[in-house]
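Structural overview
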Amino acid sequence: MSLSGTYDDQNIFAKILRGEAPAITLFEDDIAIAFMDIFPQSPGHCLVLPREQARNLLDLSPPTAAAAIQRVQTLAKAVETALQPDGIVVTQFNGAPAGQTVFHIHFHIIPCWENVPRGRHGAGQADMGELKTQAEKIRSALA
Ligand code: AMP
């Protein structure tokens, strides 16, 4: 996969956006949807996806980029309130050599705790019950 290319609407995040694949949703509006990462690098790892069909940040329209980062900030604050991490990584990969594996633009929000190493990117699938519990806390903090 090169950095530029055609958007493939069969990618897993496109399917989640269309409701064709499941997700543990945290919020959604006309700009973006946020849900739990099912292969998390830490408890509470979640993703913000702009709805716009863009493979990466370089393809995204500036108005959507601006709106999306506001949603990222809102969700990061809710994660802080809900899970009380010592730090939060916000990251975003563009192109396979940069680490991107799903080619629909998305931002990672990854809570971190002192002296707790983060897991590998896209490693094992999390326990769904734990993800749902974390999601409930984050949703409450968003309310
Ligand atoms: P990236 O490497 O930036 O493209 O990140 C893709 C992320 O999506 C990884 O952190 C995966 O764990 C996550 N992921 C892949 N499939 C799903 C899915 N069906 N639901 C939630 N997260 C997913």
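The structure contained in this document is the topic of the report that follows.

Rules and cut-offs
Residues numbered from 1 in each chain as written. Predicted model: local features only at pLDDT ≥ 70, side-chain atom pairs only at ≥ 80, totals over all residues. Heavy atoms only, no water. Helix = DSSP H or I, 4+ residues; strand = E, 2+ residues; numbered from the N terminus. Rg over C-alpha atoms; globule rule 2.2 N^0.38 Å. Buried < 20%, exposed > 50% of the residue type's maximum accessible area, 1.4 Å probe, protein only. Contact = heavy atoms within 4.5 Å. Areas by Shrake-Rupley, 256 points an atom, 1.4 Å probe, with all protein chains shown as cover. Lys, Arg positive; Asp, Glu negative; His and termini not counted. Charge placed at Lys NZ, Arg CZ, Asp CG, Glu CD. Phe/Tyr/Trp six-rings, centres within 6.5 Å; stacked < 30°, edge-to-face > 60°. Near = heavy atom within 4 Å. Polar contact = N/O pair within 3.5 Å; in protein donor to acceptor, adjacent residues only side chain to side chain. Nonpolar A, V, L, I, M, F, W, Y, C, P; charged D, E, K, R; others polar. Salt bridge = Lys/Arg side-chain N within 4 Å of Asp/Glu carboxyl O. Axes fitted to C-alpha atoms, helices over the stretch in contact; angles between N-to-C directions. Left-handed = near helix turned anticlockwise from the far one by under 90°.

Looking only at helices and strands, the chain features 3 helices and 5 strands. Reading the secondary structure of the chain in the N-to-C direction produces α-β-β-β-α-β-β-α. Relative to the globule expectation of 15 Å for 143 residues, the C-alpha radius of gyration of the chain, 14 Å, shows essentially globular dimensions. In terms of overall dimensions, the chain has C-alpha extents of about 40 × 30 × 25 Å along its principal axes. Burial statistics for the chain: of 143 residues in total, 43% are counted as buried. When contacts within the chain are restricted to residue pairs at least 6 apart in sequence, those whose partners lie at least 24 apart make up 65%. Here the chain has roughly 7,400 Å² of accessible surface; of this, 53% comes from carbon and sulfur atoms. The positive charge centre, built from 11 side chains, and the negative charge centre, built from 15, are 1 Å apart in the chain.

What the rule picks out here adds up to 1 aromatic pair. Measuring from centroid to centroid gives 5.5 Å for Phe13 and Phe35, while their planes differ by 75 degrees, and the two rings are edge-to-face. Of this pair, Phe13 sits in helix α1 (residues 12-17) while Phe35 sits in strand β2 (residues 32-36); the two residues are 22 residues apart in sequence, bridging distant segments of the chain. The two residues Phe13 and Phe35 agree in class, both being buried.

Near the ligand you find 16 residues, and of these Asp37, Thr101, His106, His108 and His121 are the closest. Contacts to the ligand include Thr101, whose backbone N or O atom sits 2.7 Å from an oxygen atom. Here an oxygen atom of the ligand and a backbone polar atom of Val102 are 2.9 Å apart. When the free accessible area of the ligand is taken as 510 Å², the share hidden by the protein chains comes to 92%. Going through the elements one at a time, α1 and β2 are the ones with two or more residues in the shell around the ligand. The residue makeup of the shell around the ligand, split by class, is 9 nonpolar, 6 polar and 1 charged.

Our focus in this paragraph is the pattern of salt bridges. One pass over the structure, following the stated rule, counts 3 salt bridges. The salt bridge partner of Arg18 is Glu20, with a shortest N-O separation of 2.9 Å. What makes Arg18 partly exposed here is its relative accessible area of 37%. Arg71 serves as the salt-bridge partner of Asp29, at 2.9 Å between the closest nitrogen and oxygen. Within this pair, whereas Asp29 is found in the loop between β1 (25-28) and β2, its partner Arg71 is found in helix α2 (residues 62-83), the two being separated by 42 residues in sequence. By relative accessible area, which is 17% here, Arg71 ends up buried.

This part is about the side chain of Asn11. Secondary-structure assignment places Asn11 in the segment before α1. Residue classification places Asn11 among the buried positions, given a relative accessible area of 9%. Reaching out from Asn11, the side chain makes a polar contact with the backbone nitrogen of Phe13 at a distance of 3.0 Å. Excluding its chain neighbours within four sequence positions, the residues that come into contact with Asn11 are Val102, Phe103 and His104.

Two packed helices can be described by the angle between their axes and the distance between those axes. Between α2 and helix α3 (residues 128-142), whose axes approach to 8 Å, the crossing angle comes to 115 degrees. Viewed along their axes, α2 and α3 form a crossing whose handedness is right-handed. Together, Thr74, Leu75, Ala78, Val79, Thr81, Ala82 and Leu83 of α2 and Lys137, Ile138, Ala141 and Leu142 of α3 make up the contact between the two elements.

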